[in-house]
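# Topology and contacts: notes
Here's the letter readout for the chains.
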Amino acid sequence: EVQLVESGGGLVQPGESLRLSCAASGFTFSDHSMDWVRQAPGKGLEWVGRSKQKAESYTTEYAASVKGRFTTSRDGSKNSLYLQMNSLKTEDTAVYYCARVNPSENYSFDYWGQGTLVTVSS
Amino acid sequence: DIQMTQSPSSLSASVGDRVTITCRASQDIRNDLDWHQQKPGKAPKRLIYATSTLQSGVPSRFSGSGSGTDFTLTISSLQPEDSATYYCLQRNSYPLTFGGGTKVEIK
């Protein structure tokens, strides 16, 4: 069974850093790109970034709103995806989800984690 | 960036009604369009991918159609458990972009 479990959220002040984790199980982690998507309170979904699969050399893509501040990485030995968030702003307050990308299903998101809340406030 | 314009932003319909939600892309995205459903306090879940392929386990009253720039999600006979917010997502090019969402309420 595919499972994605995010952790690491919390309350931080503007300008601080935070690292989120997404623990994956039930599938071959290296065969899938993994994405981060966020949702500000009461708002819609916003794509944040992607850690591509091994076949794409684990390269990354980012939304303009986070490029240069956020970095996604993965540890294959732990089947974990990470989102390092630096220079946090109040507008980064959101629930952060990780999602699996399925190359066999048109590179669509087929599984989502439950999300972790990040609050940036002074 | 590709803009996804989703309409309506909300709707209220009765059980058994046919409901249609549309998404328009600012440029051709072929069939690289998915629909996700989100219930309050829960993570989204995929309903349809590649415009019209139904996720396993999703009731057949849900269907998707379209190509290029205009896409539709249809619920053929609305059920109480369909009360949720629905989002389209284009995967044709980076950055991936979501529609603004459609909140579906049951009268």
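Whatever comes next refers back to the structure up there.
Residues numbered from 1 in each chain as written. Chains lettered and ligands numbered in written order. Predicted model: local features only at pLDDT ≥ 70, side-chain atom pairs only at ≥ 80, totals over all residues. Heavy atoms only, no water.

## Some thoughts on the overall build of chain B
So the rule is basically this: Helix and strand assignments follow DSSP, with helices taken as H or I runs no shorter than four residues and strands as E runs no shorter than two, numbered in order from the N terminus. Note on method: radius of gyration uses C-alpha positions; expected globular size equals 2.2 Å times residues raised to 0.38. Throughout, a contact is declared for two residues whenever any of their heavy atoms are within 4.5 Å. Values of accessible area rely on a 1.4 Å probe in the Shrake-Rupley scheme; residue burial ignores everything except the protein chains shown.
A tally of helices and strands in chain B yields 0 helices and 11 strands. Listed by position from the N terminus, the elements making up chain B come as β-β-β-β-β-β-β-β-β-β-β. Rg of the C-alpha trace for chain B: 13 Å, near the compact-globule value of 13 Å for 107 residues, within the 12% margin. Across its three principal directions, the C-alpha atoms of chain B cover 35 × 25 × 25 Å. If you take every contact in chain B between residues at least 6 apart in sequence, the share linking residues at least 24 apart comes to 56%. A total of about 4,800 Å² of accessible surface is found on chain B, and carbon and sulfur atoms cover 43% of it.

## A closer look at the state of the cysteines
All names here are of chain A. Operational definition: In plain terms, two cysteine sulfur atoms within 2.5 Å form what is called a disulfide here.
Counted according to the given criterion, the structure contains 2 disulfides over all chains. Two residues, C22 and C98, share a disulfide whose sulfurs are 2.1 Å apart. A torsion of 60° about the S-S bond marks the disulfide between C22 and C98 as right-handed. One end of the pair, C22, is in strand β3 (residues 18–25); the other, C98, is in strand β9 (residues 94–102), with 76 residues separating them in the sequence.

## Quick look at the pattern of salt bridges
Put simply, the test is: The salt bridge definition used is simple: a Lys or Arg side-chain nitrogen within 4 Å of an Asp or Glu carboxyl oxygen. For every residue, the accessible area (1.4 Å probe, protein chains only) is compared with the maximum for its type, and the residue is labelled buried under 20%, exposed over 50%, or partly exposed between those bounds.
For the coordinates displayed, the defined rule picks out 13 salt bridges over all chains. Put simply, E105 of chain A and R46 of chain B hold a salt bridge, and the shortest N to O gap is 2.4 Å. Taken as a pair, E105 of chain A in the loop between β9 and β10 (108–112) and R46 of chain B in strand β5 (residues 45–49) lie in two separate chains rather than in one. Exposure remark for E105 of chain A: the relative accessible area of 22% places this residue in the partly exposed category. Overall, R46 of chain B belongs to the buried group, its relative accessible area being 4%. The partner of D32 of chain B in a salt bridge is R30 of chain B, with the nearest N and O atoms 3.3 Å apart. Relative accessible area serves as the criterion here: at 6%, D32 of chain B is assigned to the buried category. Classification of R30 of chain B as exposed rests on a relative accessible area of 56%. A single salt-bridge network, built from bridges that share partners, covers R38, E46, R69 and D92 of chain A.

## Observations regarding the interface of chain B and chain A
Rules: Buried area is calculated as the accessible area (1.4 Å probe) missing from two parts once they are joined, with the contributions of both summed.
In this assembly, 19 residues from chain B lie in contact with 21 residues from chain A. Of the roughly 1,600 Å² buried between chain B and chain A on both sides combined, carbon and sulfur atoms contribute 58%. Broken down residue by residue, the surface that chain B buries against chain A is led by R46, Y94 and F98 of chain B, which jointly contribute 35%. Summed over the shared surface of chain B and chain A, the result is 1 salt bridge.

## Details of the pairing of β9 of chain A
For a regular strand, the rule is simple: side chains alternate between the two faces of the sheet. Residues and elements named next belong to chain A. Heads up, the rule is: Criterion used throughout: strands pair if DSSP finds at least two bridges between them.
Counting buried positions along β9 gives 8 out of 9 residues, so the element sits mostly inside the fold. When β9 meets strand β11 (residues 116–120), the two strands line up antiparallel, connected through 3 bridges. Across the sheet, residue V95 finds its bridge partner in β11, namely L117. For β9 and β10, the ladder comprises 4 bridges, and the chain directions are antiparallel. In the sheet register, A99 faces β10, and the bridge partner there is W112.

## What to know about the nonpolar core
Most often, soluble globular proteins have nonpolar side chains that are buried together. Note the threshold: Residues enter a nonpolar core if they are buried and are Ala, Val, Leu, Ile, Met, Phe, Trp, Tyr or Cys, with the set joined through side-chain atoms within 4.5 Å.
Grouped together as the largest cluster of nonpolar side chains are 37 residues, with contacts concentrated most on M85, Y96 and F109 of chain A together with F98 of chain B. Within the residue set of this core, elements represented by two or more residues are β3, β4 (34–39), β5 (45–51), β8 (80–85), β9, β10 and β11 of chain A together with β9 (84–90) of chain B. When residues of this core are assigned to their parent elements, the largest contribution, 6 residues, is made by β9 of chain A. Look past the residues within four positions of Y96 of chain A in its chain and what remains in contact with it is E6, L20, V37, R38, V48, F70, L83, M85, G115, T116 and V118 of chain A. The next biggest cluster of nonpolar side chains, apart from the first, holds 23 residues, and it includes A25, W35, F62 and L73 of chain B.

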